[in-house]
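Take a look at the letters that make up each chain.
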Amino acid sequence: IWIGVSDKKAVEFIETTAFQNNQCVCHNPNAEHVFVEIQNTKKDDICLEFFLCSKIYEIFTLLYVDRRRNEYVEKAINYIHNNYGEKISIEQIAKLLSIDRRYLGRLFYSQTGMNPKEYLIDVRLQNAFKLLQTKDYTISEVAKLVGYDNYGSFFKVFKNKYGVSPAKLGQYRTRQ
């Protein structure tokens with residue numbers, strides 16, 4: 001859905017939403033019902049203009065809330081990228097942000113399409129992949145460096161994501 005505004009006050013308000021800093025696209029599944037209501041409105045309704053104005057304000061409200069949600073998710077993502085090698089939990093991240101773990105999970109999923117645990121695993125595995133390709137660490141060392149104490153867990157998750165075991169990737173590295 002495209003929304004265009006030209007009023008100075010509307011532009012100022014939009015800059016306080018998820019569309020700040022020239023951000024032109026926003027994914028907010030919570031706003032879908034508003035557009036459905038607009039679409040299902042009878043065109044000859046005498047109060048149509050008031051109804052449509054109220055729906056635009058509702059969209060702005062949802063976008064403003066979305067901006068705050070982005071901050072939580074952004075902070076969680078930064079924490080994960082800076083601490084993926086440590087023993088961290090989603091509960092710990094939520095505590096640092098002073099929000100409920102389940103709430104963080106919902107926000108995270110709505111912004112990234114994955115839950116925080118999946119994101120943490122993905123970051124760990126991407127870094128493990130890089131280490132296995134470029135460094136002379138053993139697989140056990142790589143597992144520990146990216147936050148896995150258990151080699152078996154690391155092996156299973158790595159193979160599941162990349163379709164090849166960390167050992168095979170290590171062999172590929174030695175041949176180059």
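The preceding data block contains the structure.
The sections below set out a description of the structure shown in this document. It should be emphasised that the depicted structure is a prediction, and the values quoted were computed from it without experimental measurement.

### Examining the nonpolar core
Here comes step 1: Counting residues in each nonpolar core, the largest one holds 29 residues, and the members touching the most others are Ile80, Ile93, Leu97, Leu104, Phe108, Val146 and Phe154.
Here comes step 2: When residues of this core are traced back to their parent elements, those giving at least two are α3 (48-83), α4 (90-97), α5 (101-112), α6 (116-134), α7 (139-145) and α8 (151-162).
Here comes step 3: Sort the elements by how many residues they give to this core and α6 lands first, with 7 residues.

### Here's the deal with the packing of α6 against α8
Here comes step 1: Relative orientation of the contacting elements α6 and α8 amounts to 90°, with a least axis distance of 11 Å. In this view, α6 runs roughly perpendicular relative to α8, as classed from their interaxial angle. In this structure, α6 uses Ile121, Asp122, Leu125, Gln126, Ala128, Phe129 and Leu132 to contact α8, whose residues at the interface are Phe154, Val157, Phe158, Lys161 and Tyr162.
Here comes step 2: When grouped by side-chain class, the residues that make up the contact of α6 with α8 number 9 nonpolar, 1 polar and 2 charged.

### A few points about α6
Since the α-helix turns once every 3.6 residues, residues separated by three or four places project in the same direction.
Here comes step 1: Taking 1.5 Å as the rise per residue, α6 with 19 residues should run 27 Å; its terminal C-alpha atoms sit 27 Å apart, in good agreement.
Here comes step 2: Its side-chain oxygen 3.0 Å from the backbone nitrogen of Lys117, Asn115 forms the N-cap of α6.

### Topic: α8
Here comes step 1: Here α8 contains 12 residues, and its C-alpha end-to-end distance of 16 Å stays within 8% of the 16 Å for a straight helix at 1.5 Å per residue.
Here comes step 2: N-capping of α8 is provided by Asn150, with a side-chain oxygen placed 2.7 Å from the backbone N of Gly152.
Here comes step 3: Looking one or two residues past α8, Gly163 carries a phi angle of roughly 75°, positive in sign.

Conventions adopted
Residues numbered from 1 in each chain as written. Predicted model: local features only at pLDDT ≥ 70, side-chain atom pairs only at ≥ 80, totals over all residues. Heavy atoms only, no water. Core = buried A, V, L, I, M, F, W, Y, C linked by side-chain atoms within 4.5 Å. Buried < 20%, exposed > 50% of the residue type's maximum accessible area, 1.4 Å probe, protein only. Helix = DSSP H or I, 4+ residues; strand = E, 2+ residues; numbered from the N terminus. Axes fitted to C-alpha atoms, helices over the stretch in contact; angles between N-to-C directions. Parallel < 35°, antiparallel > 145°, perpendicular 65-115°, else oblique. Contact = heavy atoms within 4.5 Å. Nonpolar A, V, L, I, M, F, W, Y, C, P; charged D, E, K, R; others polar. Expected span 1.5 Å × (residues − 1). Polar contact = N/O pair within 3.5 Å; in protein donor to acceptor, adjacent residues only side chain to side chain.

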